[in-house]
Amino acid sequence: PRTAHIRNFSIIAHVDHGKSTLADRILEKLGAMGERDKRDQTLDTLELERERGITIKSTPIRLEYVQEGGERYVFNLIDTPGHVDFNYEVSRSLAACEGVLLLVDASQGVEAQTIVNAYLAIDNNLEIVPVINKIDLPAADPEGAAAELEEVIGIPADGAVFASGKTGQGVPEILEAIVKHVPPPTGDPDAPLKALIFDSFYDAYQGVILFVRVLEGTLRPKDAIRMFSNGKDFEVDKVGTFTPGLVVGDSLIAGSVGWVAAGIKDIHDAQVGDTLTSREHPTDEPFPGFKPAQPVVFSGLYPTDTEDYRKLREALEKLKLNDAAFSFEPETSEALGFGFRCGFLGLLHAEIIQERLEREYDLDLIATAPAVVYRVTLTNGEVFETQNPAEFPTRDRITLIEEPYIKLHVMLPETYVGTVMQLLQERRGVMETMNYLGQHGRVELIYEVPFAEILYDFHDRLKSISRGYASMDYEQIGYREGDLRKVDIMVNNEVIDALAVIVHDTKTYSLGRKIVDKMAEVIPRQMFPVPVQAVIGAKIIARATVKAYRKDVLAKCYGGDISRKKKLLDKQKKGRARMKQFGTVEVPQEAFLAVLSTE
Ligand code: GTP
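All figures in this text were calculated on a predicted structure; none of them were measured in a lab.

**Details of the environment of Met434**
Part 1 of the reasoning: Tracing the backbone through its elements, the reader meets Met434 in strand E25 (residues 430-437).
Part 2 of the reasoning: Linking Met434 and Glu444, residues 10 residues apart in sequence, is a C-alpha distance of 5.7 Å.
Part 3 of the reasoning: Non-local contacts of Met434, meaning those with residues more than four positions away in its chain, are made with Val417, Met421, Val443, Glu444 and Leu445.

Dropping the structure here:
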């Protein structure tokens, strides 16, 4: 078959186990040095992504591998995002492959993300090529890491390739293992078209560019195509491959990975995970597992300057063009005025969008604390989902409250099991499994935990109590009942709606305390004392006071130094930009995120 010499694969690993370094080494070996930079430029990679060293798009690269004997292979390497916020995108990219390189750092061994990623690969029936990486490190224990892989995931240790992305050792063996162990794609080029969309981006000239894996049939320019989930029709403009810039080709046959431009104007019409088929000869069944992108974390974004409302809306619209997982709708707050309720895949996604709004669109924003989506059943039988704590109904109108849960995987050394279990208990976690893993004294904990409980500072806490040794990963598993309350915050005796938080009944007092203390610390002092209170209904559960004091920055300047005086004034002005005035009290951005501050 024509696809016998194609290999579609991806590299999966725990964060920092050396994925990017090894990928670069493979590119270099296959004569594609510097291509990564080129790709960064072609594929609209965000400056932010590069700066932070995170990938949020799944970008394929087409490589040519010539064996010793002269056999030529086409390798499609699909780079996947490395953050839990984008796990669905990762699972779709894996579905576009036949195999994966599962990388494990030889000095660290199997970590939580190694396990979760390996299961994603197994769920997609992929061939796993285990690679024990960083064997050049003095602390490397390649045999130990391979044995751990076998024990934890059941991947035979003797099949592992030992390698180093740093020195290039083992890379030729990896290339051979790909040819030998990753099966070539199958699929009938004459069958009705079935192609999986695994990523996309928006191009101002060509519209949405879809990244697809053709499973059955052939895609050609001028083909009439249809989106399986929503029945929308388009005509193919161009198809092609990635090397890694977009290269125009004649067709994409079953088994290949490539891109399609079809004059699609709205990225929401062609979502990741959906199946592309032919209008005339549609496939009977879509590729399984399509889930429309669903934001799980919501936050209110308000311009500090009300004049910027329109500018903010335009910026949000632009960002949404290229991001089907991001949502926003207008929202009004008594305290903050006109703004938008924005939905994200997780906190990292939220941070990225906020940072882009501030940097690329030059907006000053107040963001309310991120919240999960609660499901509330009212006494009249009505069920609705609320993403905004301010809208949470009063207790007497509710029969049932449900909140989102995750399944959390934690890997850690035995020594820290006690402390970590205590932390998980504080976060209302329920243990599902605990596995002791052989001689290395490592333990895997699997818990079900309310998503809201790990949203803010859980990862930092886990790292600090385990001296950096514990790792984690998680997946959403649906809704469970929860005894939750709305806690309101009053500043100077007035409720500020945008500060409301939803809290579990057992934590209202401690959280209320934490918030008011933090707020009293960050609200600038006034001529008069300002009370800050946490209340449930009419009941005050915590109280703190911003002491009276006149802050005069210029007093420090002793009159003389003009430039220093100016600097201080500028600094104060900048600080002011991110404040909101409530009567005479100014509340800074920090106060809105008081709930996020660590204990
Ligand atoms: P994320 O993109 O954050 O998921 O990380 P990654 O898995 O892509 O890891 P990356 O390639 O950025 O490497 C992480 C760190 O390990 C970097 O400091 C690398 O220099 C180092 N590193 C990567 N491969 C090797 C290796 O083979 N040997 C040694 N000694 N260090 C390595």
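**A word on the UniProt feature "binding site: GTP" (unreviewed entry) in the chain**
Part 1 of the reasoning: In the numbering used here, UniProt assigns the "binding site: GTP" (unreviewed entry) feature to Asp16, His17, Gly18, Lys19, Ser20, Thr21, Asn133, Lys134, Ile135 and Asp136.
Part 2 of the reasoning: Within the element layout of this structure, Ile135 appears in the loop between strand E5 (127-133) and helix H6 (142-153).
Part 3 of the reasoning: Take Ile135: its relative accessible area is 18%, and that puts it in the buried class.
Part 4 of the reasoning: With residues up to four places along the chain from it excluded, the contact list for Ile135 reads Ala106, Ala140, Pro142, Phe162, Ala163, Ser164 and Gln169.
Part 5 of the reasoning: For Asp136, a relative accessible area of 31% puts it in the partly exposed group.

**A few points about the environment of Pro60**
Part 1 of the reasoning: Relative to the elements of secondary structure, Pro60 occurs in strand E2 (residues 59-66).
Part 2 of the reasoning: The spacing of Pro60 and Thr243 is 183 residues in sequence and 8.3 Å in space, taken between C-alpha atoms.

**Considering the sheet that holds strand E13 (residues 246-249)**
Part 1 of the reasoning: The strand order E11-E10-E16-E7-E8-E15-E12-E13 describes an open sheet built from eight strands, whose pairing is antiparallel. Only two strands of the sheet have a single neighbouring strand rather than two, namely strand E11 (233-235) and E13. Along the sheet, successive strands turn relative to each other by an average axial angle of 40 degrees, direction set aside.
Part 2 of the reasoning: Pairing analysis gives five bridges linking strand E8 (residues 207-216) to strand E15 (residues 257-261), with the strands arranged antiparallel.

**Regarding the confidence of the model for the chain**
In low-pLDDT regions, the fine details of the predicted coordinates are not to be read closely.
Part 1 of the reasoning: Across the chain, pLDDT averages 86, with 88% of residues at or above 70.
Part 2 of the reasoning: Here residues 41-45 is a poorly scored stretch, pLDDT under 50, and it has 11 contacts once near neighbours within four places are set aside; other chains count.
Part 3 of the reasoning: Interface predicted TM-score (ipTM) for the complex: 0.97; the corresponding pTM is 0.82.

**Remarks on the environment of Asp237**
Part 1 of the reasoning: Inspection of the secondary structure assignment puts Asp237 in the loop between E11 and strand E12 (238-242).
Part 2 of the reasoning: For Asp237, the residues in contact, after removing those within four places along its chain, are Pro221, Ala261 and Ala262.

**Describing the site of the ligand**
Part 1 of the reasoning: Near the ligand there are 15 residues, and of these Lys19, Ser20, Thr21, Lys134 and Asp136 occur at the shortest range.
Part 2 of the reasoning: Note that an oxygen atom of the ligand is positioned 3.3 Å from one of the backbone N or O atoms of Asp16.
Part 3 of the reasoning: In this structure, an oxygen atom belonging to the ligand sits 3.1 Å away from a main-chain N or O atom of Lys166.
Part 4 of the reasoning: Starting from 640 Å² of accessible surface for the ligand in isolation, the protein chains cover 71%.
Part 5 of the reasoning: If you tally residues by element for the shell around the ligand, the top one is helix H1 (residues 19-29), at three residues.
Part 6 of the reasoning: Considering only residue class, the shell around the ligand consists of two nonpolar, eight polar and five charged.

**Notes on the packing of helix H4 (residues 87-95) against helix H5 (residues 112-123)**
Part 1 of the reasoning: Their axes nearest at 9 Å, the elements H4 and H5 cross at an angle of 40 degrees. Judged by the inter-axis angle, H4 sits oblique to H5. The interaxial crossing formed by H4 with H5 has right-handed handedness. For the pair H4 and H5, contact is made by Asn87, Val90, Ser91 and Leu94 and by Asn117, Leu120 and Ala121, respectively.
Part 2 of the reasoning: In terms of residue class, the contact of H4 with H5 is made up of four nonpolar, three polar and no charged.

**Considering the pattern of salt bridges**
Part 1 of the reasoning: Tallying each qualifying case throughout the model produces 25 salt bridges.
Part 2 of the reasoning: Of the charged contacts, one joins Asp233 and Arg279 as a salt bridge, the two residues approaching to 3.6 Å between their closest N and O atoms. With Asp233 in strand E11 and Arg279 in the loop between strand E16 (275-278) and strand E17 (297-303), this residue pair connects regions lying 46 residues apart in the sequence.
Part 3 of the reasoning: With a relative accessible area of 33%, Arg279 lands in the partly exposed category.
Part 4 of the reasoning: Residues Glu453 and Arg428 are paired through a salt bridge, measuring 2.9 Å at the closest nitrogen-oxygen approach. Of this pair, Glu453 sits in helix H11 (residues 451-455) while Arg428 sits in the loop between helix H10 (417-426) and E25, and the two are 25 residues apart along the sequence. Here Glu453 matches Arg428 in class, with each residue buried.
Part 5 of the reasoning: Taken together, the salt bridges that share partners define one network made up of Arg395, Asp483, Arg485 and Asp505.

Conventions used here
- Here, residues in each chain are numbered from 1, in the same order as that chain's written sequence.
- With the structure being a predicted model, the display of local features is reserved for residues of pLDDT at least 70 and the display and counting of side-chain atom pairs for 80 or more, all residues being used for whole-chain, interface and lining totals.
- Computation of side-chain values: all heavy atoms of the structure, hydrogens and water removed.
- Under the scheme used here, helices are H or I runs from DSSP no shorter than 4 residues and strands are E runs no shorter than 2 residues, and both carry numbers assigned from the N terminus.
- We call two residues in contact whenever any of their non-hydrogen atoms come within 4.5 Å of each other.
- UniProt positions are given in the numbering used here, feature names are shortened, and annotations may be inferred rather than shown by experiment.
- Three exposure classes are used, based on accessible area relative to the maximum for each residue type with a 1.4 Å probe and protein chains only: buried under 20%, partly exposed in between, and exposed over 50%.
- Between any two strands, at least two bridges found by DSSP are needed for them to pair.
- For helices, the fitted line uses only the C-alpha atoms of the stretch in contact; every axis is such a line through C-alpha atoms, and the angle between N-to-C directions lies from 0 to 180 degrees.
- A residue's pLDDT is simply how confident the predictor is in it, with values from 0 to 100.
- For this description, a residue counts as near a given molecule or strand if any of its non-hydrogen atoms is within 4 Å of it.
- We call two N or O atoms a polar contact when they sit within 3.5 Å, provided that within protein one can donate a hydrogen and the other can accept it, with sequence-adjacent residues counted only if both atoms are side-chain atoms.
- Per-residue accessibility takes into account occlusion by the displayed protein chains alone, with areas from the Shrake-Rupley method and a 1.4 Å probe.
- Each residue gets one of three labels, nonpolar for Ala, Val, Leu, Ile, Met, Phe, Trp, Tyr, Cys and Pro, charged for Asp, Glu, Lys and Arg, and polar for the others, Gly among them.
- Between 65 and 115 degrees an angle is taken as roughly perpendicular, under 35 as roughly parallel, over 145 as roughly antiparallel, and anywhere else as oblique.
- By definition, any crossing whose near helix is turned counterclockwise from its far helix by less than a right angle is left-handed, and any crossing with a clockwise turn is right-handed.
- A pairing counts as a salt bridge when a side-chain nitrogen of Lys or Arg comes within 4 Å of a carboxyl oxygen of Asp or Glu.

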